[in-house]
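Secondary and tertiary structure notes
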Amino acid sequence: MKSGMSLVLLVVIAGVAFAANGAEDYAGQPAKHWHEVDTDFMNTFHNPMEGVTMGLDIRLREVYARNIFGLNDSFGDPTGNYNNYHWQRYRTRWSTKWALSEDVDFNTRLVWEFWGHCSPDDSFNPFFKEDYEFDEATWDHMNVQIRNAFDMPLTLTVGRQDIILGTGWLVLDGTPADGSRTIYFDAVRGTYELDEDSKLDLIYIQQYDDESKWLTPFNHGSVSERRHVTNYSDERGIIAYLTNKLNETHSNELYYIYKNEEASDFAKFNNKTGIDSDIHTIGTRFFGQLDDNWSYSAEFAKQWGDRGGNTMKGLGSNNKLTYAFNDDSKTEVFVMYEYLSGDDPSTSADEKFETLWGDWPQYDRGGDAQAYIWTVEGALGEVANLHRFGVGHKFKPSQDWTMLSQYNLMWADENSFANGTGAIGSPTFSDSGNFRGHMLTGLLTYQCCKNFRTQFLVDYFLPGGYYDNSTNDPALFSRINMEWTF
């Protein structure tokens, strides 16, 4: 009953997608995909006046999860309902590009997302509580982009923007605390084309935990004002990122990243832990094709600096080798290895590798589940202290469908939390084990065209001896995701 509205929406959406993809029109002719129907209305919407381009996308998400924060079926009450989670997310984004001149654009995007919670507590379900606000709307893009700046092959982007470097392993999400609602950075980015095969990105980041520091969201009121967007820190960063095409089949990325963190006012006011740190990272990635079938990506990074008053140093590596069968089903198999150093409790230094702005649900690690399971050991979305060996398989059973399946074995690099106990309901740790467990992931994607996509994701985690016997029950994360782009 509580999720009836969501279920009705999903049924209607599925019906519309099916009809648009396979029905016949009233004249008996095969109907077109909706992206092939060029209506006056959509033309007017996309280009309402000269020099203005608009876009709109909508995402509906239904999530069911169990034990993702506490690996204990019976925590909370005898029925274990505390560890059952069921929620919905409804996100709409409206983007606008204003062409101020041939080489200058002003870009904005307005995001509105509200949630419905069905379990374990429906007090934040807007469909079933009259006094609940439908949350806020905020700007996740607000920037000026200048091409050919200073008559050079230089593109400058100044203001709020998305930044994804490489595979996103270390730089992708500037706002991890608000989930996937936004990923923006408040930054200045310059991209200089050195030649036709190489470019250099120079980036300065000034990120605040308080989402209203630069731009106050609409309806920033009683519910919304509790939001924060980083993991309780105000951040500054400097990035130099060189991308170079070595030859027709191999490329290289070389980078230096500096990140400064200070506990935010939000953290201090709410008695949250914000870590002060100065972290330097140098790294490189090689990637490309070995032949017509084999491709690879190999990345390595070294860190040093200060974190929480302690000398820090860390190592990280992220690698993937893929074999493509080049058949009609686009079948691929791949193996993966990732290493994130953990803190050795027997030393005065802090050896935990810092994932910087990579605190997001990276699918190679196992869909969305890992972003929650690691929370007791650090921040939301942060994964650390890890050896991961994985295998996977990907293919297209039909033209519009893609099936991805993965199996990951995970170990802790260090038993940093031996005999440790987290907050109430959080996992506790053994004094000897390092095997974190098994992560199984299935991701089924339907995409008929550029306008519509839906995904079905299931993650299943079986804990190992790294956790003690009181908190080693399996965890499940599942969701349905539907997206329209207009």
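Residues numbered from 1 in each chain as written. Predicted model: local features only at pLDDT ≥ 70, side-chain atom pairs only at ≥ 80, totals over all residues. Heavy atoms only, no water.

**What to know about the overall build of the protein**
For clarity, the cut-off: Numbering of helices and strands runs from the N terminus, with a helix taken as a DSSP run of H or I at least four residues long and a strand as a DSSP run of E at least two residues long. Buried residues are those whose accessible area, probed at 1.4 Å on protein chains only, stays under 20% of the maximum for their type, while exposed residues exceed 50% and partly exposed ones sit between those limits. Only heavy atoms enter the contact rule, under which two residues are in contact if any of them lie within 4.5 Å. A 1.4 Å probe and the Shrake-Rupley method give the accessible areas. Residues count as covered only by the protein chains that appear here.
When helices and strands are tallied, the protein shows 5 helices and 18 strands. Split into buried and exposed, the 486 residues of the protein put 48% on the buried side. Long-range contacts, defined as pairs at least 24 residues apart, comprise 62% of the intrachain contacts of the protein with a sequence gap of at least 6. As displayed, the protein offers around 23,100 Å² of accessible surface, 58% of which is attributable to carbon and sulfur atoms.

**With respect to the layout of surface pockets**
Filter applied, for reference: Cavity and pocket criteria rest on a 1 Å grid covering protein atoms alone: a 1.4 Å probe that fits but cannot get out defines a cavity, protein on both sides within 12 Å along at least 5 of 7 lines defines an open pocket, and an atom within 4 Å of a point defines a lining residue. Grid points are joined across faces, edges and corners, and a volume is the space filled by probe spheres set on the points. In the scheme used here, Gly and all other residues not listed as nonpolar or charged are polar, with Ala, Val, Leu, Ile, Met, Phe, Trp, Tyr, Cys and Pro taken as nonpolar and Asp, Glu, Lys and Arg as charged.
Estimated volume of the second largest pocket: approximately 470 Å³. Looking at the lining of the second largest pocket residue by residue, the class counts come to 6 nonpolar, 8 polar and 7 charged.

**Brief notes about the nonpolar core**
Put simply, the test is: The criterion is simple. A nonpolar core is a set of buried Ala, Val, Leu, Ile, Met, Phe, Trp, Tyr and Cys residues joined through side-chain atoms within 4.5 Å.
In this structure, Trp87, Leu170, Val171, Ile239, Trp357 and Phe477 are the most contacted members of the largest nonpolar core, which totals 47 residues. Dropping the residues within four chain positions of it, valine 171 is found in contact with Ile163, Ile164, Leu165, Phe185, Ile239, Ile257 and Trp357.

**A short note on the pairing of strand β6 (residues 185-195)**
This is how it is decided: By the convention used here, strands pair only if DSSP detects at least 2 bridges between them.
Of the strand pairs in this sheet, strand β5 (residues 154-161) and β6 are connected by 8 bridges, and their pairing is antiparallel. Bridged to threonine 157 within β6 is arginine 189. In this structure, β6 lies alongside strand β7 (residues 198-207), joined through 8 bridges in antiparallel fashion. Residue aspartate 195 lies in a different strand from β7, and its bridge partner there is serine 198. The loop that links β6 with its antiparallel partner β7 comprises 2 residues.

**Thoughts on a negative patch on the surface**
Stated formally: Residues enter patches when they are more than 30% accessible in relative terms and free of salt bridges; like-charged ones are connected within 9 Å and nonpolar ones (Val, Leu, Ile, Met, Phe, Trp, Tyr) within 5 Å. We define a salt bridge as a contact between a side-chain nitrogen of Lys or Arg and a carboxyl oxygen of Asp or Glu at a distance within 4 Å. Only four residue types enter the charge count: Lys and Arg as positive, Asp and Glu as negative, with His and the chain ends excluded. The atom standing in for a charge is NZ when the residue is Lys, CZ when it is Arg, CG when it is Asp and CD when it is Glu.
Negative charge collects at one region of the surface, where Glu193, Asp195, Glu196 and Asp197 lie side by side. When its relative accessible area of 42% is taken as the criterion, aspartate 195 is described as partly exposed.

**Some remarks on the pattern of salt bridges**
This structure, assessed with the given rule, holds 24 salt bridges. A salt bridge links arginine 93 to aspartate 57, with the nearest nitrogen and oxygen atoms 3.0 Å apart. With arginine 93 in strand β2 (residues 84-99) and aspartate 57 in strand β1 (residues 52-66), this residue pair connects regions lying 36 residues apart in the sequence. Like arginine 93, the residue aspartate 57 is buried in the burial classification. Put simply, aspartate 350 and arginine 307 hold a salt bridge, and the shortest N to O gap is 2.9 Å. Taken as a pair, aspartate 350 in the loop between β13 (332-340) and α4 (363-366) and arginine 307 in strand β11 (residues 294-307) lie far apart in primary sequence, 43 residues in all.

**As for unusual backbone geometry**
Positive phi values are uncommon outside glycine, yet tyrosine 232 reaches one of about 65°. Checked against the element boundaries, tyrosine 232 lands in the loop between β7 and β8 (233-245). The backbone of leucine 356 shows a phi angle near 55°, a positive value even though the residue is not glycine. Locating leucine 356 in the fold gives a position in the loop between β13 and α4. Residue classification places leucine 356 among the buried residues on the basis of a relative accessible area of 2%.

**Things to note about the side chain of arginine 436**
As a reminder of what qualifies: We define a polar contact as two N or O atoms separated by no more than 3.5 Å, with the added condition that, inside protein, one atom must be a possible hydrogen donor and the other a possible acceptor, whereas residues neighbouring each other in sequence contribute only through side-chain atom pairs.
Mapping arginine 436 onto the fold places it in strand β16 (residues 435-449). Separated by 2.8 Å, the side chains of arginine 436 and glutamate 377 make a polar contact.

**Thoughts on the environment of aspartate 459**
With respect to the helices, strands and loops of the structure, aspartate 459 is situated in strand β17 (residues 452-463). On the basis of relative accessibility, which here comes to 0%, the residue aspartate 459 falls in the buried class. In the structure, aspartate 459 is positioned 92 residues away from glycine 367 in sequence and 6.3 Å away in space, judged by C-alpha atoms. When near neighbours in sequence (up to four residues on either side) are disregarded, aspartate 459 contacts Gly366, Gly367, Asp368, Ala369, Met439, Leu440, Thr441, Ala475, Leu476 and Phe477. Within the structure, the side chain of aspartate 459 is placed 2.8 Å from the backbone nitrogen of aspartate 368, a separation counted as a polar contact. Looking at aspartate 459, its side chain comes within polar contact range of the side chain of threonine 441, at 3.0 Å.

**Digging into the pairing of strand β9 (residues 250-263)**
Along β9, 10 of the 14 residues are buried, which leaves the element largely enclosed by surrounding structure. Pairing of β8 with β9, which is carried by 13 bridges, proceeds in the antiparallel orientation. If you follow glycine 237 over to β9, its bridge partner there is lysine 259. Linking β8 to β9, which pair antiparallel, is a turn of 4 residues.

**As for the environment of asparagine 47**
Relative to the helices and strands, asparagine 47 resides in the loop between α2 (40-46) and β1. Considering only alpha carbons, one finds asparagine 47 and threonine 96, 49 residues apart in sequence, at a separation of 9.7 Å. Apart from residues no more than four positions distant in its own chain, asparagine 47 is found in contact with Val52 and Thr53.

Just distances and angles here, no functional claims.
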